[in-house]
Amino acid sequence: MVKETTTALTEIAQGIFELRLPIPFEDGLVNVFLFVDGDDVDLLDCGMNSEESLDLIRSSLASLGHKRLRKLVVTHIHPDHYGAAGVLAGPGRADLYLHRLEVPLVNPRYVELEQLVAEVLNYLLVNGVPAEEAEILSNSQRALSQVVAPAEAAVQLDGAETLAMGATHVRVEWTPGHSPGHICLYAAESGLLFAGDHMLPELSPNIGLHPQSTPDPVHEYLDGLERMAAYEPRLVLPAHGRPFADAKGRAAAMKAHHHRRMDRITAILAAGEMNAWQVALELWGPREQLYEKRLALQEGLAHLQALAVEGRVEKLVTPETVRWRRLSSPKA
Ligand SMILES: [Zn+2]
Ligand SMILES: [Zn+2]
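These figures come from a predicted structure and were not determined experimentally. (Residues numbered from 1 in each chain as written. Chains lettered and ligands numbered in written order. Predicted model: local features only at pLDDT ≥ 70, side-chain atom pairs only at ≥ 80, totals over all residues. Heavy atoms only, no water.)

**Here we look at the overall build of the protein chain**
The secondary structure content of the protein chain amounts to eleven helices and 15 strands. Computed over C-alpha atoms, the radius of gyration of the protein chain comes to 21 Å, within 12% of the 20 Å expected from 2.2 N^0.38 for 332 residues, which places it in the range of a compact globule. Each principal axis of the C-alpha atoms in the protein chain carries an extent, and together these give about 65 × 40 × 40 Å. Classification of the 332 residues of the protein chain by burial places 53% in the buried group. Put simply, of all contacts in the protein chain between residues at least 6 apart along the chain, 65% involve residues at least 24 apart. (Helix = DSSP H or I, 4+ residues; strand = E, 2+ residues; numbered from the N terminus. Rg over C-alpha atoms; globule rule 2.2 N^0.38 Å. Buried < 20%, exposed > 50% of the residue type's maximum accessible area, 1.4 Å probe, protein only. Contact = heavy atoms within 4.5 Å.)

Laid out in structure tokens, this is it:
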């Protein structure tokens, strides 16, 4: 039987290819991009560290004429984007480019987990998660570290760099919120925006407050959306789902979504002072899946934090608890 190797590979512009790789969550696929320049290929994101996924990358390079991998640029260090980095990049292999705010997340998350697991446990407890559940949730990080082979960044990005990706020049756009050092790549000449998880056609990317996040991720995320929409890209190429044209419309929908959620949380807090776990339960009800529970708490916290930053909610902290209280007369 002839093995189909190129079905997942689509040319989206001259010398730029989208490759869809399997992942065990979200819609089951992550989109990575190959940029061809002569015998070299630059890659944006690399999928998980699994043989099936790596075989697809290798067969794609072969089908393009046995190209050599030159750069690996990673939008952020989540397993579906960064997982195979350690296989593809490093000494004698491709150079890894990563935003510098992602660099310090790698070791605690994927290599030396103990300290982060302990930090997350404390964070769950002060936010009201019952002890037994907190124990299980804080350990859920361990499973993810198995599908990630870390690599060291050869170049740490700040944002605003011009990079040659294949024969295309792109500008690095720092878009924090979903992850502290999340980047998009914008190719001004062709109007292509490679959006990673920052802009997705259907899903709302998870924006959470947790020990490794930036302090006000919702506002940062919305700022980034506005900056990307202002480019009026011809086409947005997301890491999940299909490409889409209406960046402005999508940014407006996301903004409305987050504002609605903040309003709902303010309404929930009308019942009185609460911890974030209680707010998350009110918002989403009890979740079955452990991973979803943690995401729900992180999302709820991100919106509570945004409300506190805006002066609509009071955040009350002690070593034991973090509690939230609605302000009766919100500041303008
Ligand atoms: Zn992500
Ligand atoms: Zn993703």
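**Let's talk about the nonpolar core**
Membership of the largest hydrophobic core comes to 44 residues, with the highest contact counts inside it found for Leu124, Leu193, Met199, Leu269, Leu297 and Trp324. Excluding anything up to four places from it in sequence, Leu269 contacts Met274, Val279, Leu304, Val313, Trp324 and Arg326. With 37 residues, the next largest nonpolar core counts Ala8, Leu64, Leu88 and Val106 among its residues. (Core = buried A, V, L, I, M, F, W, Y, C linked by side-chain atoms within 4.5 Å.)

**Things to note about the pattern of salt bridges**
Under the counting rule described, the total for this entry stands at 21 salt bridges. Between Glu173 and Arg171 there is a salt bridge, with the nearest N and O atoms lying 2.7 Å from each other. The exposure class assigned to Arg171 is partly exposed, which follows from its relative accessible area of 36%. Put simply, Glu273 and Arg325 hold a salt bridge, and the shortest N to O gap is 3.3 Å. (Salt bridge = Lys/Arg side-chain N within 4 Å of Asp/Glu carboxyl O.)

**A few points about the coordination of the zinc ion (ligand 2)**
Around the zinc ion (ligand 2), the protein supplies Asp80 (OD), His81 (NE2), Asp197 (OD), Asp197 (OD) and His240 (NE2) as donor atoms, at distances of 2.1 to 2.8 Å. Taken in sequence order, the residues that donate to the zinc ion (ligand 2) follow the motif D-H-x115-D-x42-H. The distance between the zinc ion (ligand 2) and the zinc ion (ligand 1) comes to 3.6 Å, and Asp197 binds to both of them. Note that Asp197 is positioned in the loop between β11 (192-196) and α8 (217-230) and His240 in the loop between β12 (235-238) and α9 (247-268), a separation of 43 residues in sequence. Under the relative-accessibility criterion, Asp197 is labelled buried at 2%. (Donors = N, O, S within 2.8 Å, 3.2 Å for Na, K, Ca; no water.)

**What to know about the coordination of the zinc ion (ligand 1)**
Distances from the zinc ion (ligand 1) to its protein donors, namely His76 (NE2), His78 (ND1), His178 (NE2) and Asp197 (OD), fall within the range 2.1 to 2.2 Å. Taken in sequence order, the residues that donate to the zinc ion (ligand 1) follow the motif H-x1-H-x99-H-x18-D. Using a relative accessible area of 16% as the deciding quantity, one classes His78 as buried. Looking at His178, the relative accessible area reads 12%, which means it is buried.

**Considering the sheet that holds strand β14 (residues 313-317)**
Hydrogen bonding along the main chain pairs the strands of a sheet, whether they run parallel or antiparallel. Here three strands make up an open sheet; going across it, the order is β13-β15-β14 and the pairing antiparallel. Whereas interior strands pair on both sides, the edge strands pair on one side only; in this sheet they are β13 (274-275) and β14. In the sheet, β14 pairs with strand β15 (residues 322-326) via five bridges, with the strands oriented antiparallel. Bridging across to β15, Glu314 finds its partner in Arg325. (Pairing = 2+ DSSP bridges.)

**Some details on the sheet that holds strand β4 (residues 40-44)**
What the seven strands build is an open sheet, ordered β1-β2-β3-β4-β5-β6-β7; its pairing is mixed. The open sheet has two edge strands with one neighbour each: β1 (9-13) and β7 (155-157). Ignoring which end each strand starts from, the neighbouring axes of this sheet average 25° apart. The sheet strands contacting helix α1 (residues 51-63) are β1, β2 (16-22), β3 (29-37), β4 and β5 (68-73), and the helix crosses β2 at an angle near 155°. (Axes fitted to C-alpha atoms, helices over the stretch in contact; angles between N-to-C directions.)

**Looking at the packing of aromatic side chains**
All told, the structure shown has four aromatic pairs when counted by the stated rule. Measuring from ring centre to ring centre gives 6.3 Å for Tyr82 and Tyr110, while their planes differ by 25°; the resulting arrangement is stacked. Residue Tyr82 is located in helix α2 (residues 79-82), and its partner Tyr110 is located in helix α4 (residues 103-111); the two are separated by 28 residues in the primary sequence. Assessed through its relative accessible area of 0%, Tyr82 is described here as buried. In this structure Tyr110 comes out as buried when scored by relative accessible area, which is 6%. Consider the rings of Tyr186 and Tyr231, whose centres lie 4.2 Å apart with planes at 15°: the pair is stacked. (Phe/Tyr/Trp six-rings, centres within 6.5 Å; stacked < 30°, edge-to-face > 60°.)

**Some words on the side chain of His257**
In this structure, His257 sits in helix α9. A polar atom in the side chain of His257 sits 3.4 Å from the side chain of Ser204. (Polar contact = N/O pair within 3.5 Å; in protein donor to acceptor, adjacent residues only side chain to side chain.)

**What about the confidence of the model for the protein chain?**
Per-residue pLDDT for the protein chain has a mean of 93; in total, 95% of the residues score no lower than 70. Scored below 50 in pLDDT, residues 1-6 makes two contacts in the model with residues more than four places away or belonging to other chains. (pLDDT = per-residue confidence, 0-100.)

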